[in-house]
Every structure is written in C-alpha cells, then in structure tokens.
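What follows is each chain in one-letter form.
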Amino acid sequence: MESLVQRFPVPCKNLSLDINGNKTELVICSYEDHFLVMASQIGTMGTILHARKEEGVAIHPTFNVSVIFGKRDEPMLVACARQLIEHISSSGSSRPLVLSLGLKDHSMETMKGIVSSVIEHRLW
Amino acid sequence: MAGKESEYDGVLDSDLVSVYSLKLQDQTTHLSTTANGAAGGLEITCFSELVDDATFHFQIICFPKQIYAWIGCNSTKFGDLYAAASTRPSNTVGVTSILGGSSDNTGSGIARRLVLKTGLNIVLACSIPKNSPMLEANAEKKLMEKLISLGYKQPR
C-alpha cells in the first residue's frame, strides 16, 4: 500500500513493507537535483549516504559513494547505495542520490530486499 | 520536549518576529492544500506557502525521536543538508553541515533552533539562498508553525 503526493511539486512516495522479517518504512522523494530514499526499521533515519555519478568521458560511468552521517564501517550500506545509483544512472538520470538507512540488520538479504523494493517503487 | 532557549533565541522569538508577524499574516497565501502521505507508517507533511513574494515548499517527516525537514525556496532543489542534535550533559546544540553549504550556513541556524524548540534530533535540507535573513526567518516561522500544529511544541 502506498500513497503518492501529487499536487505538491516534489513527488513523494511513502510506504510500509516487510523486508526480511522487519517492518520497513520506505520514503522516496524526487527533488529537482536529487533523489532522496529513506528506509527505516529502527525509527530514525540512521546512516545517511550520498551517491553520485562522476563526470567523465569513459565509456562506463563511475560512481562516488560515501557515508556522510553515521556508520562508516558497514560495507553493505555502501553497496546498497552503489546499486541504487547505478540503477538511477542506467535509467537515464544523472541526479545524485541521498540515501538514509536505519536498519536492524545489515545482512545481504536485507540489502537485496531494500534495493529491489526501492527499484520497484522508484520515481526515476 | 522543548529545550531551554538562549538569549538570542528569545530576541528572535519576541521582538523581531512580532514586528514582522502582522505583515506576514496579510501576505501569506496558502498555495496548495497540505498533503499528508500516511499510507506508510511515517507521517509526511508537505505544504507550500507564499510569503513576501517568495514561495516556500516544506516537507516534514516525523520519526519518534527525529525530524527530517526540507525547505525549498522558489525551487525544488534539495539544497544543503544539516544535522543537529542536543549535546549531553550540557543543554547546548551541536549542528554540522553534512552535504554542501561549507562556508555559508543558511540552514544551520534554523536546524539549531529547531532542536532547541523541539528537543529532537533534526536533519534539515535547505535551499534558501545565502545572505537572505528575511527569507530564513520567514521559512523558519512557517516551519515552526506547522510543527506546533503537529504537536511538537507547546505554544507559549
């Protein structure tokens, strides 16, 4: 079940779903120059990451993903952001992504669940 | 829930804001209806306000002990991101820029005062142009009004 706020100039999706046994609140917003994705299982925004496509002339795009707030020792979070920015890029958008993950576990199943859920409800 | 305010905030709250509040009430126009996305577990409040020829867009996402807010000024750019929280054991507020806005701190003052007034951790994205104290003050006033109506601060 999801709701789409349409008349407000920033499209935004807000939904609640189960990912790997944990209730997850998912928020996806599309600003003019950024995408914002929030996935929360712990009642806070958790760790915030920034992912962007690098400007370059190489055939294959490169991406820069960094933790800007929170856990810096959890590679699965970075991997999650990396997968999402790559999907954004391959969908034709060069907007960077701000991703906030407040998760109860950092297992691969949870990460895959988050990535697939976000892609399923994406705004790009 | 509200934290203790410093002298500076007392000035901002009383004299300066009261001078402008009458003017703002005359010119405030609600551009669009407030939209609440509540199908998910999180409550998202989105609204727009026209104040003194500037269009502000606001988004507020309420967590149990944290608030995410976005302020757009005449655009839907994400802007600079700030995080603010109260420090322990002293009752001061720490605020930091976490994305953009390294030398100008247009949103950091708003973030800091939101923590003081709500007592919660704040993550604020703000695209108000720098060197615009009136825009800042107007935006902060509207945001605080909405937070009060959502029950985050007891009005004096």
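Residues numbered from 1 in each chain as written. Chains lettered and ligands numbered in written order. Predicted model: local features only at pLDDT ≥ 70, side-chain atom pairs only at ≥ 80, totals over all residues. Heavy atoms only, no water.

**Q** Please clarify how the overall build of chain B should be interpreted in this entry.
**A** Secondary structure summary: chain B contains 3 helices and 8 strands in total. Ordered by position in the sequence, the α and β elements of chain B form the string α-β-β-β-β-β-β-β-α-β-α. Taking all 156 residues of chain B together, 51% fall into the buried category. Taking contacts inside chain B between residues at least 6 apart in sequence as the whole, the part at least 24 apart equals 52%. (Helix = DSSP H or I, 4+ residues; strand = E, 2+ residues; numbered from the N terminus. Buried < 20%, exposed > 50% of the residue type's maximum accessible area, 1.4 Å probe, protein only. Contact = heavy atoms within 4.5 Å.)

**Q** Sorry, what's going on with the packing of helix 1 (residues 75-90) of chain A against helix 2 (residues 108-120) of chain A here?
**A** Each pair of packed helices can be described by the angle between their axes along with the distance between the axes. Residue and element names in this part refer to chain A. The contact between helix 1 and helix 2 brings their axes to 10 Å, and the two run at 25 degrees. Compared by their axis directions, helix 1 and helix 2 come out roughly parallel. Both helix 1 and helix 2 take part in a crossing whose hand is right-handed. Between helix 1 and helix 2, the contacting residues are M76, L77, C80, Q83, L84 and H87 on the first element and M108, M111, I114, V115, V118 and I119 on the second. Within the contact of helix 1 with helix 2, the residues separate by chemical class into 10 nonpolar, 2 polar and no charged. (Axes fitted to C-alpha atoms, helices over the stretch in contact; angles between N-to-C directions. Parallel < 35°, antiparallel > 145°, perpendicular 65-115°, else oblique. Left-handed = near helix turned anticlockwise from the far one by under 90°. Nonpolar A, V, L, I, M, F, W, Y, C, P; charged D, E, K, R; others polar.)

**Q** Where do I start with the packing of aromatic side chains in this structure?
**A** How two aromatic rings sit relative to each other is set out by the distance from centre to centre and by the angle between their planes. By the definition in use, this model includes 6 aromatic pairs over all chains. Each ring, one from Y31(A) and one from W70(B), has its centre 4.9 Å from the other, and the planes form 55 degrees; the classification is tilted. Of this pair, Y31(A) sits in the loop between strand 3 (22-30) and strand 4 (35-40) while W70(B) sits in strand 5 (residues 66-73), on two different chains. When its relative accessible area of 1% is taken as the criterion, Y31(A) is described as buried. Each member of the aromatic cluster is reached from another via a ring pair, and the members are F8(A), Y31(A), W70(B) and F78(B). (Phe/Tyr/Trp six-rings, centres within 6.5 Å; stacked < 30°, edge-to-face > 60°.)

**Q** Honestly, the environment of L99(B) in this entry has me stumped. Any pointers?
**A** By the secondary structure assignment, L99(B) is in strand 7 (residues 93-99). In this structure L99(B) touches H34(A), H50(A), I68(A), V98(A), F78(B), D80(B) and L81(B), once residues within four positions along its chain are discounted.

**Q** Can you walk me through the packing of helix 2 (residues 108-118) of chain B against helix 3 (residues 133-149) of chain B in this structure?
**A** All names here are of chain B. Axis separation between helix 2 and helix 3 bottoms out at 11 Å; the angle between their running directions is 30 degrees. On the basis of their axis angle, the class for helix 2 and helix 3 is roughly parallel. Helix-helix and strand crossings are classified by hand; for helix 2 and helix 3 the assignment is right-handed. Facing I110, R113, L114, K117 and T118 of helix 2, the residues of helix 3 in contact are E136, E140, L143, M144 and L147.

**Q** Quick question: what am I supposed to make of the pairing of strand 5 (residues 47-53) of chain A here?
**A** Within a regular beta strand, the side chains point alternately toward one face of the sheet and then the other, so they alternate between its two faces. Residues and elements named next belong to chain A. When you tally the buried positions in strand 5, you get 5 out of 7 residues, the bulk of the element. Bridge count between strand 5 and strand 7 (residues 97-102): 5 bridges; the pairing is antiparallel. Bridge assignment links A51 to a residue of strand 7, and that residue is L97. Pairing geometry for strand 5 and strand 6 (residues 63-69), over 6 bridges, is antiparallel. Note on strand 6: the bridge partner recorded for A51 is V65. (Pairing = 2+ DSSP bridges.)

**Q** How should the interface of chain B and chain A be read in this particular structure?
**A** Reports often express the size of an interface as the amount of accessible area lost when the parts come together. With 30 residues of chain B at the interface, the matching set in chain A holds 30 residues. Both faces considered, chain B and chain A share a buried interface measuring about 2600 Å² in area, 73% of it formed by carbon and sulfur atoms. Seen at the junction of chain B and chain A, the total is 0 salt bridges. For the interface between chain B and chain A, the tally reads 6 residue pairs in polar contact (both at pLDDT 80 or more). Among the secondary structure elements, those contributing two or more residues to the side of chain B that touches chain A are strand 2 (35-37), strand 3 (43-51), strand 4 (54-62), strand 5, strand 6 (80-86) and strand 7 of chain B. Residues that form the side of chain B that touches chain A fall into these classes: 19 nonpolar, 10 polar and 1 charged. (Buried area = accessible area lost by both parts, 1.4 Å probe. Salt bridge = Lys/Arg side-chain N within 4 Å of Asp/Glu carboxyl O. Polar contact = N/O pair within 3.5 Å; in protein donor to acceptor, adjacent residues only side chain to side chain.)

**Q** Looking at this structure, I do not really get the pattern of salt bridges. What am I missing?
**A** For side chains bearing opposite charge, pairing can occur when the charged atoms are close. Residue and element names in this part refer to chain B. The final tally for this structure, using the stated rule, is 7 salt bridges over all chains. Note that K117 is salt-bridged to E140, the shortest N-O span being 3.9 Å. Of this pair, K117 sits in helix 2 while E140 sits in helix 3, and the two are 23 residues apart along the sequence. Under the relative-accessibility criterion, K117 is labelled buried at 8%. E145 is paired through a salt bridge with K142; the nearest N and O atoms lie 3.4 Å apart. Placement of the pair is E145 and K142 together in helix 3, with a separation of 3 residues, close to one helical turn. Residue class for K142 comes out buried when judged on its relative accessible area of 7%. Residues joined by salt bridges that share partners form a network here, namely R113, K117 and E140.

**Q** What should I look at first to understand the confidence of the model for chain B in this one?
**A** Reading predicted coordinates in detail is not appropriate for stretches of low pLDDT. Residues and elements named next belong to chain B. Of the residues in chain B, 69% reach a pLDDT of 70 or more, and the chain-wide mean stands at 77. Per-element mean pLDDT across chain B ranges from 37 in strand 1 (residues 29-30) up to 95 in strand 5. In the predicted structure, residues 1-38 sits below a pLDDT of 50 and forms 69 contacts with residues beyond four places in sequence or in another chain. (pLDDT = per-residue confidence, 0-100.)

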